[in-house]
Amino acid sequence: MVIEAFEKVKELETAIHNSNINNKEELEAFRIQFLGTKNCIKPLFAAIRDIPNDRKKEYGQLINAVKQQAEQKFEASAQQLLSKAANDVDVPDLTAPAESLELGSRHPVSLVLNQMIEIFDRLGFTIAEDSEIEDDWHNFTALNTPEDHPARDMQDTYYILNDPSRLLRTHTSSVQSHVMMNQEPPIRIIAPGRVYRNETISSRAHCQFHQVEGLYIAEKVSFADLRQTIYYFAKEMFGATKIRLRPSFFPFTEPSAEVDVWWGCDSEADKRITKGTGWLEILGCGMVDPAVLKNCGIDTEKYSGFAFGMGVERIAMLKYQIDDIRLLFENDVRFLKQFDKTAIF
Ligand code: DAH
């Protein structure tokens, strides 16, 4: 009986010694087993009753020692786990393959702009740029559109608050005025850029959009040069076989024309896009009015020129069959994802 009790204490001591504590769960299991309210040491304390008096002291010391061992092991393991957690900061695996980044695609407006720039580049046109916040003179007056001229109503203008002489440019024709003021002919530029008009936003109109303006000024520039330049552009951009020029009016050109490309009228879609005519309007153009040349300090005896201007969104919509201009400004990735990720133009 006595020997058995001593052996039990020894067994417990071995069990404590051999317990593996490698994580929080094992630590808690150890605590419940050896230190909890129903721990397995308690019954051995109770057994002291049955130990003969002359060995009670020895027995008592032995169990106390075992209990202390359990407590010490618990404390030490808890400390160890704590410092291990502190050292266990995630070290990245430098050999792991990199996460793949999703490739973006070019915006359809950029695709079309790049293509336009590339086509005119082949004809020797360089790029000119200027400010989107413009003064009244460069946007209107220099371009033969003085104050109170009815043509100003064609382009509802955003003026800068408290400064009626400054505005958001309504067309990239304003760049013409700057270039002519600053450069001697021959001038051969295109001016791509963003323009603003106070329009009610709908599927066909927006208050911001892009235009490409063209300007060619040199000696003996003729309407035939204009026609041929536009024809080349239409052929390259749309694969068009025919263009037609309809007489029109712009304050800065005389004569002025609007240009249609032959789109065809075969399918239902063609009919819808061309309103049943097969022709599609793509730009406005004309011979630069001598009054404009004079305003910008160009010798009208010596030089003449042509200009043209077109909307980039309109052409992107035609090319990619987009039926709502607002899609071009919303940056919805579901829309943008549809464009070729590798295309530049
Ligand atoms: N600026 C005109 C517009 O925004 C477009 C335009 C028409 C530009 C004829 C020109 C031109 O240079 O000759 O509607």
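Below is a short write-up of the structure. (Residues numbered from 1 in each chain as written. Predicted model: local features only at pLDDT ≥ 70, side-chain atom pairs only at ≥ 80, totals over all residues. Heavy atoms only, no water.)

1. Points about the layout of surface pockets
Empty space among the atoms becomes visible once a probe the size of a water molecule is rolled across them.
Consideration 1: Estimated volume of the largest pocket: approximately 1,400 Å³.
Consideration 2: Lining the largest pocket we find 47 residues, and of these R204, E281, I282, G311 and R314 sit closest to its centre.
Consideration 3: Of all the secondary-structure elements, those providing two or more residues to the lining of the largest pocket are α7 (173-182), β6 (208-218), β7 (243-250), β8 (253-262), α9 (268-273), β9 (279-288), β10 (304-311) and α11 (312-320).
Consideration 4: With 7 residues, β9 is the single largest residue contributor to the lining of the largest pocket.
Consideration 5: Residue classes in the lining of the largest pocket are distributed as 19 nonpolar, 14 polar and 14 charged. (1 Å grid on protein atoms, 1.4 Å probe; cavity = no way out; pocket = protein on both sides within 12 Å on 5 of 7 lines; lining within 4 Å. Points joined across faces, edges and corners; volume = space filled by probe spheres on them. Helix = DSSP H or I, 4+ residues; strand = E, 2+ residues; numbered from the N terminus. Nonpolar A, V, L, I, M, F, W, Y, C, P; charged D, E, K, R; others polar.)

2. Structural notes on the site of the ligand
Consideration 1: Not every one of the 16 residues close to the ligand is listed here, only the nearest: H171, S173, R197, Q211 and E213.
Consideration 2: Residue H171 places a side-chain N or O atom 3.0 Å away from a nitrogen atom belonging to the ligand.
Consideration 3: For the ligand, an oxygen atom lies 2.8 Å from a polar atom in the side chain of R197.
Consideration 4: Surface burial for the ligand is 91%, taken as the share of its 360 Å² of free accessible area covered by protein chains.
Consideration 5: Here the ligand is seated within the largest pocket.
Consideration 6: Mapped onto the shell around the ligand, the elements with two or more residues apiece are α7, β6, β9 and β10.
Consideration 7: Among the residues making up the shell around the ligand, the classes are represented as 5 nonpolar, 9 polar and 2 charged. (Near = heavy atom within 4 Å. Polar contact = N/O pair within 3.5 Å; in protein donor to acceptor, adjacent residues only side chain to side chain. Areas by Shrake-Rupley, 256 points an atom, 1.4 Å probe, with all protein chains shown as cover. Sits in = over half its atoms within 2 Å of the grid points.)

3. Comments concerning the sheet that holds strand β4 (residues 163-168)
Consideration 1: Read across the open sheet, the 3 strands follow the order β2-β4-β3; overall the sheet is antiparallel. Since the sheet does not close on itself, it has two edges, and those belong to β2 (133-135) and β3 (159-160), each with one partner.
Consideration 2: Where β3 meets β4, 2 bridges bridge the pair, whose relative direction is antiparallel. Bridging across to β4, I160 finds its partner in D163. (Pairing = 2+ DSSP bridges.)

4. Quick word on the pairing of β8
Consideration 1: Among the 10 residues that make up β8, 7 are buried, leaving the element largely enclosed by the rest of the structure.
Consideration 2: Relative to β8, β7 is paired through 7 bridges, and the arrangement is antiparallel. In the sheet register, F250 faces β8, and the bridge partner there is T253.
Consideration 3: Between the antiparallel neighbours β7 and β8 lie 2 residues.
Consideration 4: The pairing of β8 with β9 spans 8 bridges and is classified as antiparallel. Across the sheet, the residue bridging to W262 is W279, located in β9. (Buried < 20%, exposed > 50% of the residue type's maximum accessible area, 1.4 Å probe, protein only.)

5. Re the nonpolar core
Consideration 1: Counting 44 residues, the largest nonpolar core has M116, F233, L283, F308 and M310 as the members making the most contacts within it.
Consideration 2: Those residues in contact with M116, other than ones at most four positions away along the chain, are V212, F233, M237, M310, V312 and I315. (Core = buried A, V, L, I, M, F, W, Y, C linked by side-chain atoms within 4.5 Å. Contact = heavy atoms within 4.5 Å.)

6. Details of the packing of helix α5 (residues 108-122) against helix α8 (residues 223-238)
Consideration 1: Contact geometry of α5 with α8 gives a least axis separation of 10 Å together with a crossing angle of 135°. With respect to their mutual orientation, α5 and α8 come out oblique. The handedness of the crossing between α5 and α8 comes out as right-handed. From α5, V112, Q115, M116, I119, F120 and R122 reach across to α8, where they touch T229, Y232, F233, E236 and M237. (Axes fitted to C-alpha atoms, helices over the stretch in contact; angles between N-to-C directions. Parallel < 35°, antiparallel > 145°, perpendicular 65-115°, else oblique. Left-handed = near helix turned anticlockwise from the far one by under 90°.)

7. A short note on the side chain of S173
Consideration 1: Within the secondary structure, S173 is located in helix α7.
Consideration 2: Polar contacts involving the side chain of S173 include one to the side chain of E213, which spans 2.9 Å.
Consideration 3: Apart from the residues lying within four places of it in its own chain, the contact partners of S173 are L143, E213 and F252.

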